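Now for the letters of each chain:
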Amino acid sequence: MNTDEYQELLSEFNELKKENLDLDLTRGKPSPKQLDLSNPLDGILEGNFQLKDGSDARNYGGILGVPEARQLGAEFLGTRPELTMVGGNSSLNLMYHFVDNMMEKWGSGIKFICLTPGYDRHFSICEHFGIEMIDIPMESSGPNIEKIEETIRKDHSVKGIWCVPKYSNPSGHTYADPVVNRMASLPKLGGKDFKIFWDNAYVVHDLEMDSEKLLNLSKEAEKSGTDNDIVMFASTSKVTFAGAGISFLSTGKESLLDFEKYLSRQMIGFDKINQLRHVKFLKNLDETKKLMAKHRAILKPKFDLVLSILENKLGNKDVATWTYPRGGYFISLDTLPGLAKRTVHLASELGVKLTPAGATFPYGLDPADSNIRIAPSFPELDELEKAVNVLATCIQLAQAESCLKGKNNG
Ligand SMILES: Cc1ncc(COP(=O)(O)O)c(C=O)c1O
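The paragraphs below set out a description of the structure included in this document. Bear in mind the structure is a predicted one, so any value in this text is a computation, not a measurement.

1. Side note on empty space enclosed by the protein
Under the defined criterion, the tally for this structure stands at 3 cavities of 30 Å³ or more. The volume enclosed by the largest cavity comes to roughly 70 Å³. The wall of the largest cavity is formed by 13 residues, among which Leu115, Gly118, Trp162, Val164 and Ser168 lie closest to the centre. Of all the secondary-structure elements, those providing two or more residues to the lining of the largest cavity are helix H5 (120-129) and strand S6 (158-163). For the lining of the largest cavity, the residue count by class is 9 nonpolar, 4 polar and no charged. Approximately 60 Å³ is the volume attributed to the second largest cavity. For the second largest cavity, the full set of lining residues is Thr79, Leu83, Ser218, Glu222, Asp227, Ile230, Met232, Ser250, Thr251 and Gly252. Mapped onto the lining of the second largest cavity, the elements with two or more residues apiece are helix H9 (217-224), strand S8 (230-235) and strand S9 (247-251). Of the residues assigned to the lining of the second largest cavity, the class counts are 3 nonpolar, 5 polar and 2 charged.

Now the structure itself:
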């Protein structure tokens, strides 16, 4: 990097500043066009609130959800309806409460394994409950399972692990079969009440026609006798309405009973009418996949656009690497070490909001300061193009600054 190249990047940066952009690449939100796909939910019941079992969805009862929605949730999660419950509009809320209930049994001084880069809101739950986080890196075929096994074996205060097994947030990687298979035996290696939090948020969110295959954890856990120590989650947040969907939780029989007891202290039941609406609209997993193909038609060009800009602008520059997800909602980009915070700051000066650097790591601390999560779903293509161009310029400028600083200091 010489001074001329730096000056060139700086003038590109100053030109972009004049555009007064106001763009947001922060959270993985569906775009309005995606939300429109589910508008038939509104009014779909046409005044008919009767459930298959003859009961009335408008009334109290059934904290585990309406039977037809439990069936749908079981299809999403690859398990059985009697082991599956349906919650409100947030699976994250179910995760939080599951941890809350377990805290009584776990006591204080406990730890969780957090795979990184990962989902910031999982980490926030740990922070809230004072659970110490142990960071283990994600790899392209899932997490390093040997490292996980060793950690659990050595330290029995490790009581949980967060997993996003399919199209992981943010790397987009899916766990390979041997990883899932060995995961199912993890609870046998550690202390009492070790739980696997299997957040299958992107289970039906393919960006390609052929879905990546994920081994069924509940079947593996049943074989291993650990079914009460796994808890699986999914939701329709990025299938229907992100703010008004339904969520699913599936676990072993005793574990579900225990969670039901916990929930019953707080509420009589979730919104059954919304559950019924969703079953009327989505029907079953096969029909849901048809809806997801419509999402794919909207999302795929956005991912392709981001990837082609990154390739064109950074492809031969050795300043960053990034993932090529086949599903999910994110592209995970790694700058050279030490550049992520500065890049995000420079982009914000140009009016482009990115997820804060470090957010994909426990306590918001990325030891290499290199990971940036890109969420391409919400902006329209023209805005996305501008935002990613800004990002590419800012990565290069951050690197140029760092090179010049190095030269001046050295
Ligand atoms: C991995 C993961 N889990 C859970 C959620 C939130 O899901 P919900 O809307 O069901 O709470 C998200 C949202 O981005 C996510 O990425």
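Now, onward.
2. Regarding the sheet that holds strand S13 (residues 371-374)
Here we have 3 strands laid out as an open sheet, ordered S10-S11-S13, and antiparallel in their pairing. Of all strands in the sheet, those with a lone pairing partner are strand S10 (320-322) and S13, marking the two edges. Each adjacent strand pair in this sheet contributes to an overall mean axis angle of 25 degrees, direction not counted. Of the pairings in the sheet, the one linking strand S11 (residues 331-335) to S13 comprises 4 bridges and is antiparallel in character. Looking at S13, one finds that Ser332 is bridged to Arg373. Docked against the sheet, helix H12 (residues 285-314) engages S10, S11 and S13, running at close to 155 degrees with respect to S10.

3. A look at the packing of aromatic side chains
Taken as a whole and judged by the stated rule, the model has 13 aromatic pairs. The interplanar angle of 85 degrees and the centroid separation of 5.9 Å between the aromatic rings of Phe98 and Phe197 together place this pair among those described as edge-to-face. On the criterion of sequence distance, the pair formed by Phe98 in helix H4 (residues 91-106) and Phe197 in strand S7 (residues 195-199) is long-range, its members being 99 residues apart. Accessibility classification places Phe98 together with Phe197 in one group, the buried group. Here Tyr202 and Phe330 contribute two aromatic rings whose centre-to-centre distance is 6.3 Å and whose plane-to-plane angle is 90 degrees, an arrangement assigned as edge-to-face. A residue pair is termed long-range when its members are at least 10 positions apart, and Tyr202 in the loop between S7 and H9 and Phe330 in the loop between S10 and S11 qualify at 128 residues. Judged by relative accessible area, which is 4%, Tyr202 ranks as buried. Aromatic rings pair up to connect Phe98, Trp106, Phe112, Trp162, Phe197, Phe233, Phe259 and Tyr262 into one cluster. Here the basic side chain of Lys238 rests over the ring of Tyr329, its NZ or CZ set 4.9 Å away from the ring centre.

4. Concerning the side chain of Lys111
For Lys111, the location among the structural elements is in strand S3 (residues 111-116). Classification of Lys111 as buried rests on a relative accessible area of 18%. In this structure the side chain of Lys111 is engaged in a polar contact, spanning 2.5 Å, whose partner is the side chain of Asp155. Residues in contact with Lys111, not counting those within four places in the same chain, are Ile131, Glu132, Ile134, Asp155, Ser157, Val158, Lys159 and Gly160.

5. What about the layout of surface pockets?
Empty space left among the atoms is revealed by rolling a probe the size of a water molecule over them. Put simply, the largest pocket is a space of about 530 Å³. No other element matches H4, which puts 3 residues into the lining of the largest pocket. Classifying every residue of the lining of the largest pocket by side-chain character gives 9 nonpolar, 8 polar and 6 charged. Each of domain 1 (3-28 + 289-409) and domain 2 (48-283) gives at least three residues to the lining of the largest pocket. The computed volume of the second largest pocket comes to approximately 320 Å³. Elements represented by at least two residues in the lining of the second largest pocket include exactly helix H3 (67-77) and H12. For the lining of the second largest pocket, the element with the highest residue contribution is H3, accounting for 3 residues.

6. So, the site of the ligand
If you check the shell around the ligand, you find Ser90, Ser91, Leu92, Tyr119, Val164, Asn169, Asp199, Ala201, Tyr202, Ser235, Ser237 and Lys238 and nothing else. Here an oxygen atom of the ligand and a side-chain polar atom of Ser91 are 2.7 Å apart. In the environment of the ligand, an oxygen atom lies 2.6 Å from a nitrogen or oxygen atom belonging to the side chain of Ser237. For the ligand, the protein covers 88% of the area, taking 400 Å² as the surface of the free molecule.

7. Quick notes on the pattern of salt bridges
Evaluation of the coordinates by the stated rule reveals 22 salt bridges. For the salt bridge of Lys17 with Glu349, the shortest nitrogen-to-oxygen distance reads 3.6 Å. In this pair, Lys17 sits in helix H1 (residues 3-17) while Glu349 sits in helix H13 (residues 340-349), placing the two residues 332 residues apart along the sequence. Looking at Lys17, the relative accessible area reads 38%, which means it is partly exposed. Across the salt bridge formed by Glu220 and Lys223, the nearest N and O atoms sit 3.0 Å from each other. Taken together, the residues span about one helical turn, with Glu220 and Lys223 both in helix H9 at a distance of 3 residues. The buried category is assigned to Glu220, whose relative accessible area is 9%. Through salt bridges with shared partners, one network takes in Arg80, Glu82 and Glu222.

Cut-offs used in this document
- Positions within a chain are numbered from 1, following the residues in the order the chain's sequence is written.
- It should be noted that, the model being predicted, local features are given only for residues of pLDDT at least 70 and side-chain atom pairs only at 80 or more, the latter also being counted only at that level, while totals for whole chains, interfaces and linings use all residues.
- The basis for every side-chain value is the complete set of heavy atoms in the structure, and neither hydrogens nor water enter the calculation.
- Computed over the protein atoms alone on a 1 Å grid, cavities are sets of points where a 1.4 Å probe fits but cannot get out and pockets are open sets with protein on both sides within 12 Å along at least five of seven lines; a residue lines them when it has an atom within 4 Å of a point.
- Grid points are joined across faces, edges and corners, and a volume is the space filled by probe spheres set on the points.
- Here a strand is any run of E in DSSP of at least two residues, a helix any run of H or I of at least four, and the numbering for each starts at the N terminus.
- Residues are grouped as follows: nonpolar covers Ala, Val, Leu, Ile, Met, Phe, Trp, Tyr, Cys and Pro; charged covers Asp, Glu, Lys and Arg; every other residue, Gly included, is treated as polar.
- Pairing between strands is defined by DSSP: at least two bridges between them are needed.
- Only the stretch in contact is used when a helix axis is fitted, and all axes are lines through C-alpha atoms; the angle between N-to-C directions ranges over 0 to 180 degrees.
- When checking whether two residues touch, look at their non-hydrogen atoms; a contact exists if any pair is within 4.5 Å.
- Here a pair means two rings of Phe, Tyr or Trp (six-membered ring of Trp) with centres within 6.5 Å. Their orientation is stacked below 30 degrees between planes, edge-to-face above 60, and tilted elsewhere.
- Partly exposed describes any residue whose relative accessible area lies between the buried limit of under 20% and the exposed limit of over 50%, with all areas from a 1.4 Å probe on protein chains only and scaled to the type maximum.
- Geometrically, a lysine NZ or arginine CZ counts as sitting over a ring once it is within 6 Å of the ring centre and also within 35 degrees of the ring normal.
- Pairing of N or O atoms within 3.5 Å defines a polar contact, subject to two protein rules: one partner must be a possible hydrogen donor and the other a possible acceptor, and residues neighboring in sequence count only if both atoms are side-chain atoms.
- Per the annotation, domain bounds derive from an automatic or database assignment of domains.
- Nearness is judged by heavy atoms alone; a residue qualifies as near a molecule or strand once a single heavy atom is within 4 Å of it.
- Surface accessibility follows the Shrake-Rupley procedure with a 1.4 Å probe radius. Residue values consider only the protein chains on display as shielding.
- By convention in these notes, a salt bridge is any Lys or Arg side-chain nitrogen within 4 Å of a carboxyl oxygen on Asp or Glu.

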